[in-house]
Number of protein chains: 4
Amino acid sequence: MKTIKTEKFRTKLHEIIYEADTPTGKLFDIILLILIILSIVAVMLESMASVKYLYGDELEIIEWVITAFFTFEYIGRIIALKKPIKYVLSFYGIIDLLATLPAFIDLIFPGLHFLVLIRAVRLLRVFRILKLVHFVGASNQLVVALKKSRLKIAVFLFNVIVLCIILGTLMYMIEGPESGFTSIPTSIYWTIVTLTTVGFGDITPETPFGQFVSMVIMILGYGIIAVPTGLVTAEFMSRDKVHENTQACRNCGFENHRDDAIYCYHCGHALNE
Amino acid sequence: MKTIKTEKFRTKLHEIIYEADTPTGKLFDIILLILIILSIVAVMLESMASVKYLYGDELEIIEWVITAFFTFEYIGRIIALKKPIKYVLSFYGIIDLLATLPAFIDLIFPGLHFLVLIRAVRLLRVFRILKLVHFVGASNQLVVALKKSRLKIAVFLFNVIVLCIILGTLMYMIEGPESGFTSIPTSIYWTIVTLTTVGFGDITPETPFGQFVSMVIMILGYGIIAVPTGLVTAEFMSRDKVHENTQACRNCGFENHRDDAIYCYHCGHALNE
Amino acid sequence: MKTIKTEKFRTKLHEIIYEADTPTGKLFDIILLILIILSIVAVMLESMASVKYLYGDELEIIEWVITAFFTFEYIGRIIALKKPIKYVLSFYGIIDLLATLPAFIDLIFPGLHFLVLIRAVRLLRVFRILKLVHFVGASNQLVVALKKSRLKIAVFLFNVIVLCIILGTLMYMIEGPESGFTSIPTSIYWTIVTLTTVGFGDITPETPFGQFVSMVIMILGYGIIAVPTGLVTAEFMSRDKVHENTQACRNCGFENHRDDAIYCYHCGHALNE
Amino acid sequence: MKTIKTEKFRTKLHEIIYEADTPTGKLFDIILLILIILSIVAVMLESMASVKYLYGDELEIIEWVITAFFTFEYIGRIIALKKPIKYVLSFYGIIDLLATLPAFIDLIFPGLHFLVLIRAVRLLRVFRILKLVHFVGASNQLVVALKKSRLKIAVFLFNVIVLCIILGTLMYMIEGPESGFTSIPTSIYWTIVTLTTVGFGDITPETPFGQFVSMVIMILGYGIIAVPTGLVTAEFMSRDKVHENTQACRNCGFENHRDDAIYCYHCGHALNE
């Protein structure tokens, strides 16, 4: 008897948590959505000294409410599943766990907010935003297009990095520590800042020759940016192409039939006789 | 008798204001065009302390002339229409109203120029520039292409924002308030400045590790910029593609038939019975 | 008799100056090429205080040699033509004239180097670089592609400018003179700096809300840059398309013939029987 | 007898160094890979004052180990080949030599680390990274696409440079030395920084007119960036296009026949007689 009741309960729970087509399921999702956003906002506000000083306690309370909910959600998700282990070890399972941990760690080690590690753990709460991706979902098309051109992009990046290391060393030789190029890594940082057309201006060439090389680097970066764009665009386009063969209909002579066409779209005559 | 006269008058007015093919209509449009540009220039000049100090009165006069004209235009537009309510509540109806209000508000509350709100209202006059779009008109093609890839762009932006929030928090953990990353929102601001390759340089990483993460962010941004470009380009190109409709075959249910298809390419059944 | 000799002379001159296939013609072109580059370099060096201080006289001499040559070239070009007026009033005719004038103006008004106007005139010599385009020639393909998408780009720019004026005014309202947004034109300057992802950092938002609006502007700019790229790319592609018709060969059934095809490329059978 | 043994030895050596399909060959490649990366890291660390101060000796030792290995590798590569001269003079042959030289030069001229030339030679070790390209290999597709649009890109760059020289001179005339535009080369540097949307902010226009011209330059740069992107994208796409060869018809001289064409599309004459 009991087993049946727990079974019923689990089914109901699964409906609420994992499905969105029932009213309760929808409600649950909406509450979750609001709490996630609220939680992110709370983390942000907490990081602002002035706000924390004024509303520290309120934020603390909000934090506890959210944590409580997330804890119940996590437990619920585990109970609702027959084989929860798969979920627990899944990407979102870990994210969900990390969403609850920080507050409890605070509870166990109070007054350590300023320890870098703890601070880091507290900030892990930001990763809760990834739970939003549950709702929106990553753009499959984008992912596919990027995956397809994955290798090309990797080779491209490898070449860019090699280029940046060589150019960075060159700039280090030319400018030297006097004008902010204190070391090769710093020079490489500057080179990437320049090649990607970000251009912070925290480090800038001062010698005429250094400025000349910078110009070359900028023009290079201007041209290089065309490559990933070209790759991704080509990928997007090729995805969109309608595959047609070039056979003509024996009956009416029309062509540009789809590869999977069996009958002529114009006269209805069978194509492959 | 009178009604006929008013009718005549309204028709004439409609011709002048809403049509551009009559000489008077053309003249009206040209005057309007000049006054709009003049008005924008006036607002800009007024915002420049030195200019306002020297030519404050002249600008005031110009402002009144323009306002008078826009007021008559607004009234005219209402009179000229049989059912003006639709226009009054339309986007351009509101713009036209906002074009006249500020000056009158000044008239009612004089000497309040420095109250932020009033200042804001005065600056609303800049929106008159949108009246220019009457003449040029938005690029339909662009609008269509952007509309078509609206959803993809939205998903793309959502992912970018999620990425920026996480990277921003990361940089806040690494750099901390010492090097200008005073709070998570500020760090996110910096991340967007960097990812979009704007790179103001008002905040820059100082720790080696922070600079390393910055490099990754920049390279990322360099690659990410390819995505919207690819999307929009693909959209522009798709205009040239083979047009297929979404009707399904009554017989076999297959879809993606060419617009000029008469028979189903799969079962050879006539499509438009 | 004389006329014939002058005629001969003019023909020879025309050969040397306007043609490149004779040895003397080639030689002339090479000398011209070298002198143009030399002249540009001279102008640049002269603008560098230290260099001018050290090598002022040498640069003066070089300047005179170049001017002398360009003067002879200009006179030569006029003599060599039967109807020189067309050349004189042509774009390159004016450029060639401007290439010689500055030095003579110096000669007539000596010691006025520091008068802005004269300085400007002296710098006109830089436009001699346009004579290089004689040799390289503008990329016709590029010009065609850009010309074709001229209107679209114009509409696009118009919309961008309207956007910048409105956003600039908005930022002026939010930030105000305290944080460097001293006037609406300055704010618009900042907006364009940001939207185009240049990001000098000479003016940066300081209020949280200002930073928030900046983020929106940057993301906008990130998306907007996709539009001209899409337009130009689409233009380049459509240019490259091979125009084929969809008729099939009555004899062998092959299709995708060129529009100007008269015979089947596969069986050699006449197509339009 | 001896010759046979050396022959055997050389074959074995060739297998190890030049082939990757034998266990020893794989091992050799992995060791090489690790040592190259290690060497690059060492050069970088050495350039950081603090690190060099603390771990100077360790780095020296690592350097010697790496150099020893690279020396043996270089000698090995020469021995392993029957005609080593081709390799010695090849690009990678020189790179491999440069990878060993610096340390030995240090050995011959000790205590000259601070002489710029020697420092430069030491930094040549960074070029060892190009040996990595052995393993990854440049992206042929990219290379092909870039090579194909080489000429177009060259013409594009030439036009951009001409534009920058003229705009740079213009800005020098407008802004002058007061606001950092100390000379024409500096102004051109600024123009490129702006046109490529890098925007360091080390030099910024201060006069209203200068800011206006800057806006035009930025908008220009915003549009110009579309050109290389368009070129490269079009190139990437063209891979999918109909392939035509450049042979001319023996009969009518028409060209641009399809690769699979057997008869001239214009006169129907057989092509490959």
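Residues numbered from 1 in each chain as written. Chains lettered and ligands numbered in written order. Predicted model: local features only at pLDDT ≥ 70, side-chain atom pairs only at ≥ 80, totals over all residues. Heavy atoms only, no water.

**Student:** Give me the lowdown on the overall build of chain A, citing residues and values where you can.
**Tutor:** In terms of regular secondary structure, chain A is built from 12 helices and zero strands. Going from the N terminus to the C terminus, chain A shows its helices and strands as α-α-α-α-α-α-α-α-α-α-α-α. Every one of the 273 residues in chain A was classed for burial, and the buried ones make up 47%. For chain A, the share of sequence-separated contacts (at least 6 apart) that also reach a separation of at least 24 residues comes to 52%. Working note: accessible area of chain A is about 13400 Å², and carbon and sulfur atoms make up 73% of it. (Helix = DSSP H or I, 4+ residues; strand = E, 2+ residues; numbered from the N terminus. Buried < 20%, exposed > 50% of the residue type's maximum accessible area, 1.4 Å probe, protein only. Contact = heavy atoms within 4.5 Å. Areas by Shrake-Rupley, 256 points an atom, 1.4 Å probe, with all protein chains shown as cover.)

**Student:** With reference to specific residues and values, describe the packing of helix α9 (residues 150-175) of chain D against helix α11 (residues 208-224) of chain D.
**Tutor:** Two quantities define a packed helix pair, namely the angle between the helix axes and the distance between the axes. Residue and element names in this part refer to chain D. The contact between α9 and α11 brings their axes to 10 Å, and the two run at 170°. By the angle between their axes, α9 is roughly antiparallel relative to α11. Contacts between α9 and α11 involve Phe156, Val160, Leu163, Leu167, Leu170, Met171, Ile174 and Glu175 from the former and Phe209, Gly210, Gln211, Val213, Ser214, Ile217, Leu220 and Ile224 from the latter. For the contact of α9 with α11, the class distribution of residues is 12 nonpolar, three polar and one charged. (Axes fitted to C-alpha atoms, helices over the stretch in contact; angles between N-to-C directions. Parallel < 35°, antiparallel > 145°, perpendicular 65-115°, else oblique. Nonpolar A, V, L, I, M, F, W, Y, C, P; charged D, E, K, R; others polar.)

**Student:** Can you explain the pattern of salt bridges? Please cite residues and give values.
**Tutor:** With the rule as written, the count across this model stands at 23 salt bridges over all chains. Residues glutamate 7 of chain C and lysine 82 of chain C are paired through a salt bridge, measuring 3.9 Å at the closest nitrogen-oxygen approach. Of this pair, glutamate 7 of chain C sits in helix α1 (residues 2-18) while lysine 82 of chain C sits in the loop between α3 (49-80) and α4 (84-88), and the two are 75 residues apart along the sequence. Overall, the relative accessible area of 31% leaves glutamate 7 of chain C in the partly exposed class. On the accessibility criterion, lysine 82 of chain C (61% relative accessible area) is exposed. Each of Glu7, Arg10 and Lys82 of chain A takes part in one network of salt bridges that share partners. (Salt bridge = Lys/Arg side-chain N within 4 Å of Asp/Glu carboxyl O.)

**Student:** Before we move on, could you go through the packing of aromatic side chains and cite the residues and values that matter?
**Tutor:** For the structure on display, the rule yields 24 aromatic pairs over all chains. Relative to tryptophan 190 of chain B, the ring of phenylalanine 181 of chain B has its centre 5.2 Å away and its plane inclined at 65°; by these criteria the two rings are edge-to-face. Like phenylalanine 181 of chain B, the residue tryptophan 190 of chain B is buried in the burial classification. With a centroid separation of 6.1 Å and 45° between ring planes, the pair formed by tyrosine 74 of chain D and tyrosine 87 of chain D is classed as tilted. Remark: tyrosine 87 of chain D occurs in helix α4 (residues 84-89) and tyrosine 74 of chain D occurs in helix α3 (residues 49-80); sequence separation between them is 13 residues. Under the relative-accessibility criterion, tyrosine 87 of chain D is labelled buried at 10%. Three or more aromatic residues joined by ring pairs form one cluster here, namely Phe28, Phe69 and Phe70 of chain A. (Phe/Tyr/Trp six-rings, centres within 6.5 Å; stacked < 30°, edge-to-face > 60°.)

**Student:** Tell me about the side chain of threonine 229 of chain D, and please be specific about residues and values.
**Tutor:** Here threonine 229 of chain D shows up in helix α12 (residues 226-238). In contact with threonine 229 of chain D, not counting residues within four places along its chain, are Ala226 and Thr229 of chain A together with Thr229 and Thr233 of chain C.

**Student:** Hey, could you go over the confidence of the model for chain A for me, with residue numbers and the actual values?
**Tutor:** Residue and element names in this part refer to chain A. Per-residue pLDDT for chain A averages 80, and the proportion of residues at 70 or more is 79%. Model confidence for chain A, summarised as mean pLDDT per element, is weakest for helix α6 (residues 116-123) at 65 and strongest for helix α10 (residues 184-195) at 94. Overall fold confidence for the complex sits at a pTM of 0.82, while the interface term, ipTM, reaches 0.80. (pLDDT = per-residue confidence, 0-100.)

**Student:** Describe the domain arrangement of chain A, and please don't skip the residues or the numbers.
**Tutor:** Taken as a whole, chain A is organised into domain 1 (2-130) and domain 2 (148-237). For domain 1 of chain A and domain 2 of chain A, the distance between their C-alpha centres works out to 42 Å. (Domains from an automatic or database assignment.)

**Student:** Could you give an account of the packing of α3 of chain D against helix α5 (residues 91-108) of chain D, with specific residues and numbers?
**Tutor:** All names here are of chain D. At their nearest, the axes of α3 and α5 sit 9 Å apart, and the two run at 135° to each other. In terms of orientation, α3 lies oblique with respect to α5. The element α3 and its partner α5 pack so that their crossing is left-handed. In contact with Glu63, Trp64, Thr67, Phe70, Thr71, Glu73, Tyr74 and Arg77 of α3, α5 contributes Gly93, Asp96, Leu97, Ala99, Thr100, Ala103, Phe104 and Leu107. Classifying every residue of the contact of α3 with α5 gives eight nonpolar, four polar and four charged. (Left-handed = near helix turned anticlockwise from the far one by under 90°.)

**Student:** Any chance you could break down α9 of chain D for me, citing the residues and the numbers?
**Tutor:** Over its 26 residues, α9 of chain D runs 36 Å from end to end, which matches the ideal 38 Å to within 8%, given 1.5 Å per residue. Just past α9 of chain D, the residue glycine 176 of chain D takes up positive phi, approximately 75°. (Expected span 1.5 Å × (residues − 1).)

**Student:** Explain the UniProt feature "transmembrane region" (unreviewed entry) in chain A to me, and be specific about the residues and the numbers.
**Tutor:** As recorded in UniProt, the feature "transmembrane region" (unreviewed entry) lies at residues 30-55, 61-80, 87-109, 129-146, 153-174 and 212-234 of chain A. Here residues 61-80 of chain A runs as 100% helix and 0% strand, with 28 Å between its end C-alpha atoms. (UniProt positions renumbered as here; feature names shortened; annotations may be inferred.)

**Student:** Give a detailed account of helix α10 (residues 184-195) of chain D, specifying residues and quantitative values.
**Tutor:** Residues and elements named next belong to chain D. Between its first and last C-alpha, α10 extends 16 Å over 12 residues, near the 16 Å set by a 1.5 Å rise per residue. Of all 12 residues that make up α10, 11 are buried, and the element is covered over most of its length. Along α10, the residues classified as buried are Ile184, Thr186, Ser187, Ile188, Tyr189, Trp190, Thr191, Ile192, Val193, Thr194 and Leu195. Looking one or two places after α10, you find threonine 197, whose phi comes out positive at around 60°.

**Student:** Requested: an account of the environment of leucine 45 of chain D, with residues and values cited.
**Tutor:** All names here are of chain D. For leucine 45, the position within the fold is in helix α2 (residues 23-47). Accessibility expressed as a relative area gives 31% for leucine 45, which makes it partly exposed. Between the alpha carbons of leucine 45 and threonine 22 there is a distance of 35 Å; along the sequence they are 23 residues apart. Those residues in contact with leucine 45 that lie beyond four places of it in its chain are Val51, Lys52 and Leu59.

**Student:** If you had to explain the environment of histidine 269 of chain C to someone new, which residues and values would you point to?
**Tutor:** All names here are of chain C. Tracing the backbone shows histidine 269 in the segment after α12 (226-240). Residue class for histidine 269 comes out partly exposed when judged on its relative accessible area of 24%. Residues histidine 269 and asparagine 251 lie 18 residues apart in sequence; the distance between their C-alpha atoms is 6.5 Å.

**Student:** Could you give an account of the nonpolar core, naming the residues involved and the relevant values?
**Tutor:** Counting residues in each nonpolar core, the largest one holds 221 residues, and the members touching the most others are Ile188 of chain A together with Ile188 of chain B. Beyond its immediate chain neighbours, meaning those up to four positions away, isoleucine 188 of chain A contacts Cys164, Ile165 and Gly168 of chain A, Met215 of chain B together with Met44 of chain D. (Core = buried A, V, L, I, M, F, W, Y, C linked by side-chain atoms within 4.5 Å.)

**Student:** Go over unusual backbone geometry, please, and point to the residues and values.
**Tutor:** For threonine 197 of chain A, which is not glycine, the phi dihedral falls at a positive 60°. Within the secondary structure, threonine 197 of chain A sits in the loop between α10 and α11 (208-224).

**Student:** How would you summarise the side chain of glutamate 175 of chain A if you had to cite specific residues and measurements?
**Tutor:** As for its position among the elements, glutamate 175 of chain A is in helix α9 (residues 150-175). At 2.5 Å, the side chain of glutamate 175 of chain A forms a polar contact with the side chain of serine 179 of chain A. (Polar contact = N/O pair within 3.5 Å; in protein donor to acceptor, adjacent residues only side chain to side chain.)

**Student:** Please set out a nonpolar patch on the surface residue by residue, giving values where relevant.
**Tutor:** Residues and elements named next belong to chain A. Taken together, the side chains of Phe9, Phe72, Ile75 and Ile79 make up a nonpolar region of the molecular surface, amounting to roughly 420 Å² of accessible area. For the nonpolar patch, the element with the highest residue contribution is helix α3 (residues 49-80), accounting for three residues. By the element assignment, phenylalanine 72 lies in helix α3. (Patch = residues over 30% accessible without salt bridge, like charges linked within 9 Å, V, L, I, M, F, W, Y side chains within 5 Å.)

**Student:** Please give an account of the environment of lysine 148 of chain D that cites residues and values.
**Tutor:** Mapping lysine 148 of chain D onto the fold places it in helix α8 (residues 140-148). On the basis of relative accessibility, which here comes to 55%, the residue lysine 148 of chain D falls in the exposed class.

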